[in-house]
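# Notes for the structure review
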Amino acid sequence: MAKIGLIYGSTTGKTMDVAEQIQAALGGDAVVDLKDIAEIEPSALAEYEYLIIGCPTWNIGELQDDWAGVIDELDDIDFSGKTVAYFGTGDQVGYADNFQDAMGILEEKISKLGGKTVGYWPTDGYEHNESLAIRDGKFCGLAIDEDNESDQTEQRIQAWTAQIKQEIGL
Ligand SMILES: Cc1cc2nc3c(=O)[nH]c(=O)nc-3n(C[C@H](O)[C@H](O)[C@H](O)COP(=O)(O)O)c2cc1C
């Protein structure tokens, strides 16, 4: 199978740490190319048939800055035929009305451009009020909360990556 492209944005490093853990859980460098969206052209996403997109929510319901800077350029990419999984980091206590909104914003955009979403994740065990990342009662990707539940991060990553492996036949 061709390599998976894992593209993330991260302002204070938490999403980068999670991205590295996801890469390791999926088999490391040999399986997953890890790239910071701040350091690549968004057109590089077009090279991958399988993508994992990571974004924290910043500024009350908004994309992290580096993703915000390229969001319009995604319109030039044809995502049809691509399988895309999402993860986000956020703070369900401090920003309970906007928990993981950025993951939802990116998923909505990329699925409208043809991407097929995999890796839906249950909302059980989270205590937010509202989120733009909910689809039919589930998160549209892995929701990580390093601010309040970092003790659950490793186990969540293990379970979600096992699910992804199965869904994409890795
Ligand atoms: C000013 C500010 C605004 C934030 N807004 C949100 C938000 O609207 N929703 C959310 O879920 N988390 C929010 N967060 C929490 C961050 O998403 C969280 O700390 C994240 O893990 C940071 O990721 P990074 O270190 O990769 O940049 C906010 C944090 C700060 C400091």
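Okay, so let's go over this structure. (Residues numbered from 1 in each chain as written. Predicted model: local features only at pLDDT ≥ 70, side-chain atom pairs only at ≥ 80, totals over all residues. Heavy atoms only, no water.)

### Re the sheet that holds strand β9 (residues 134-135)
To keep things clear, this is the line we draw: In this analysis, strands are considered paired if DSSP registers two or more bridges between them. Numbered from the N terminus, helices here are DSSP runs of H or I no shorter than four residues, and strands are runs of E no shorter than two.
The strand order β8-β10-β9 describes an open sheet built from 3 strands, whose pairing is antiparallel. Single-partner strands in this sheet number two, and they are β8 (121-122) and β9. In this structure, β8 lies alongside strand β10 (residues 138-139), joined through 2 bridges in antiparallel fashion. Within β10, the residue paired with Trp121 across the bridge is Phe139.

### Describing helix α4 (residues 153-168)
Put simply, the test is: One less than the number of residues in a helix, times 1.5 Å, gives the span that helix is expected to have. Only protein chains enter the accessibility calculation, which uses a 1.4 Å probe. A residue is then buried if its area is under 20% of the maximum for its type, exposed if over 50%, and partly exposed in between. Directions drawn from the helix axis to the C-beta atoms are what define this arc.
The end-to-end C-alpha distance of α4, which contains 16 residues, comes to 22 Å, matching closely the 22 Å that a straight helix rising 1.5 Å per residue would cover. When we look at burial in α4, the residues that qualify are Thr153, Arg156, Ile157, Trp160, Thr161, Ile164 and Ile168. The arc enclosing the buried residues of α4, seen along the axis, measures out at 120°, which places them on a common side. A positive backbone phi angle near 70° is found at Gly169, which sits one or two residues after α4.

### Topic: the environment of Val18
Counted only if it meets this: Contact definition: two residues touch when any of their heavy atoms are within 4.5 Å.
Structurally, Val18 can be placed in helix α1 (residues 14-25). Here Val18 falls in the buried class, since its relative accessible area comes to 0%. Sequence spacing of Val18 and Thr153 is 135 residues, and the spatial spacing of their C-alpha atoms is 8.1 Å. Sequence-distant contacts of Val18, that is, excluding residues within four places in its chain, are made with Phe87, Thr89, Ile144, Glu146, Thr153 and Ile157.

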